[in-house]
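Secondary and tertiary structure notes
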Amino acid sequence: MGKRIDREMAAYRGRVAPSPTGLLHLGHARTFWIAQRRALAAGGALILRNEDLDPHRSRPQFAEAMLEDMRWLGLRWQEGPDAGGPFGPYTQSQRRPVYLQTWRQLLAAGWLYPCRCSRKDLAQIAQAPHGEEAIYPGICRPPEPFFDDSTAFASPAGVNWRFRVPLGEVVVFEDSGVGTQRFAAGEDFGDFLVWRRDDVPAYQLAVVADDAAMQITEVVRGADLLRSTARQLLIARALGLPSPAWHHCELLRDARGERLAKRHDALSLRELRRQGMSPQQVRRLAGLHD
Ligand code: GLU
């Protein structure tokens with residue numbers, strides 16, 4: 001209760017957090033525009049975070065392209081990799097110490113365990129984006145919480161690290177975009193990765209650490225991340241951090257009803273611009289009317 005009041009009284013801080021793994025498309029335009037609109041309506045700030053966490057998938061040229069395309073569309077942010085600000089750096093690949101500290105804290109509190117399952121064993125897990133991974137069957141989950149008593153793990157590298165979800169607990173949260181949400185730990189998602197064997201922090205850990213460190217009060221993003229929100233709430237609670245408010249946006253679908261993804265290059269902002277569309281026309285196409 002106390003936390004909620006604090007949050008409502010705190011100045012609004014929203015964020016947009018694209019990953020530079022491809023060109024931004026109409027779906028991003030829609031979500032980011034809504035994020036900007038909500039920040040403006042609240043008289044608050046919009047923060048841009050470059051989520052280039054995964055070195056294998058991120059490309060500097062996409063990071064440049066996304067900034068340019070966002071500016072072209074009419075988006076403005078008050079803090080970001082280009083604008084600076086009090087909570088920088090705003091580029092995830094430069095924030096490793098923050099993530100390491102978060103990993104240490106979760107490990108010390110018994111929320112993590114090392115997992116030696118290979119990618120081959122769990123092929124689906126490795127392929128899924130945004131931690132939308134298949135439910136981990138619990139092969140390496142110890143019966144009791146894991147504490148690194150032998151201090152064997154000075155650093156996370158070399159094994160996968162999973163968050164031990166409270167099996168059976170239903171995570172409930174209010175969402176101002178799509179209404180009340182409920183996800184059951186162990187059914188809708190399992191023990192998820194927080195750090196990868198190849199020494200890359202996972203999205204779920206990084207985003208919780210960053211949203212807290214950057215004092216984000218509301219997260220606006222696509223409804224594809226609803227299940228991730230449930231995971232992120234568990235991480236935040238384990239760390240004793242307040243959680244932001246949530247506003248997930250319905251996803252745009254193409255003519256066949258499939259959700260837009262980066263592979264739909266024809267609907268990239270770049271391509272629409274090349275075809276001569278104005279930012280306003282692109283916003284209309286994305287279902288935005290202001
Ligand atoms: N970086 C993620 C993406 O590009 C979004 C993360 C988030 O908004 O929490 O889809």
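Up top you'll find the structure we're talking about.
Residues numbered from 1 in each chain as written. Predicted model: local features only at pLDDT ≥ 70, side-chain atom pairs only at ≥ 80, totals over all residues. Heavy atoms only, no water.

**A short note on helix α6 (residues 203-213)**
Think of an α-helix as 3.6 residues a turn; residues three or four steps apart then line up on the same face. Across the eleven residues of α6, nine count as buried, placing the element largely inside the fold. Turning to α6, the residues buried within the fold contact β1 (13-16), α4 (96-108), β7 (193-195), β8 (218-222) and α7 (226-239). At the C-terminal side of α6, Gln-215 shows a positive phi close to 55°. (Buried < 20%, exposed > 50% of the residue type's maximum accessible area, 1.4 Å probe, protein only. Helix = DSSP H or I, 4+ residues; strand = E, 2+ residues; numbered from the N terminus. Contact = heavy atoms within 4.5 Å.)

**Details of helix α2 (residues 26-41)**
Taking 1.5 Å as the rise per residue, α2 with 16 residues should run 22 Å; its terminal C-alpha atoms sit 22 Å apart, in good agreement. Of all 16 residues that make up α2, twelve are buried, and the element is covered over most of its length. Inspection of α2 places Leu-26, Gly-27, His-28, Ala-29, Arg-30, Thr-31, Phe-32, Trp-33, Ile-34, Ala-35, Gln-36 and Ala-39 among the buried residues, and these make up the whole buried set. Of the residues one or two after α2, Gly-43 is the one with positive phi, at around 65°. (Expected span 1.5 Å × (residues − 1).)

**Section: the sheet that holds strand β3 (residues 112-115)**
Adjacent strands of a sheet pair through backbone hydrogen bonds, lying either parallel or antiparallel. Read across the open sheet, the three strands follow the order β3-β4-β7; overall the sheet is antiparallel. The sheet is open, and its two edges are formed by β3 and β7, each paired on a single side. Across the sheet, the mean angle from the axis of one strand to that of its neighbour is 45°, orientation sign disregarded. The pairing of β3 with strand β4 (residues 160-163) spans four bridges and is antiparallel. Its bridge partner lying in β4, Pro-114 is registered against Trp-161. (Pairing = 2+ DSSP bridges. Axes fitted to C-alpha atoms, helices over the stretch in contact; angles between N-to-C directions.)

**Observations regarding the packing of aromatic side chains**
Each aromatic ring pair is specified by the distance between its two centres and by the angle formed by the two planes. Summed over the entire model, instances satisfying the criterion amount to nine aromatic pairs. Between Phe-146 and Phe-153, the aromatic rings sit 6.2 Å apart at their centres with planes inclined by 70°, giving edge-to-face as the arrangement. Ring pairs connect the aromatic residues Trp-103, Phe-146, Phe-153, Trp-161 and Trp-195, which therefore count as one cluster. The side chain of Arg-162 reaches across the aromatic face of Tyr-136, ending 3.8 Å from its centre. (Phe/Tyr/Trp six-rings, centres within 6.5 Å; stacked < 30°, edge-to-face > 60°. Lys NZ or Arg CZ within 6 Å of the ring centre and 35° of its normal.)

**Focus on the site of the ligand**
Every one of the ten residues lining the ligand counts as a neighbour, but Arg-15, Ala-17, Glu-51, Tyr-203 and Arg-221 are closest to it. Between the ligand and Arg-15 there is a distance of 2.7 Å, counted from an oxygen atom to a side-chain nitrogen or oxygen. Considered on its own, the ligand offers 290 Å² of accessible surface; in the complex 90% of this is hidden by protein. (Near = heavy atom within 4 Å. Polar contact = N/O pair within 3.5 Å; in protein donor to acceptor, adjacent residues only side chain to side chain. Areas by Shrake-Rupley, 256 points an atom, 1.4 Å probe, with all protein chains shown as cover.)

**Regarding the pattern of salt bridges**
Two side chains of opposite charge can pair, provided their charged atoms sit close to one another. Tallying each qualifying case throughout the model produces 18 salt bridges. A network of salt bridges, in which partner residues are shared, links Arg-15, Arg-49, Glu-51, Arg-95, Asp-210 and Asp-211. (Salt bridge = Lys/Arg side-chain N within 4 Å of Asp/Glu carboxyl O.)

**Thoughts on the side chain of Asp-210**
Mapped onto the elements of the fold, Asp-210 is located in helix α6. Among all residues touching Asp-210, those that are not within four sequence positions of it are Arg-49, Gln-92, Arg-95, Val-98 and Tyr-99.

**Digging into the nonpolar core**
Ranked by size, the top nonpolar core spans 42 residues in total, and within it Trp-103, Leu-112, Trp-161, Phe-163, Phe-189, Val-194 and Ile-235 carry the most contacts. For this core, the secondary structure elements donating two or more residues are β2 (45-48), α4, β4, β5 (170-173), β7, α6 and α7. Not counting residues up to four positions away in its chain, the partners in contact with Phe-189 are Ile-135, Val-165, Val-171, Phe-183, Ala-184, Ala-230, Arg-231 and Leu-234. Counting 27 residues, the second largest nonpolar core, distinct from the first, contains Leu-24, Leu-48, Val-220 and Leu-288. (Core = buried A, V, L, I, M, F, W, Y, C linked by side-chain atoms within 4.5 Å.)

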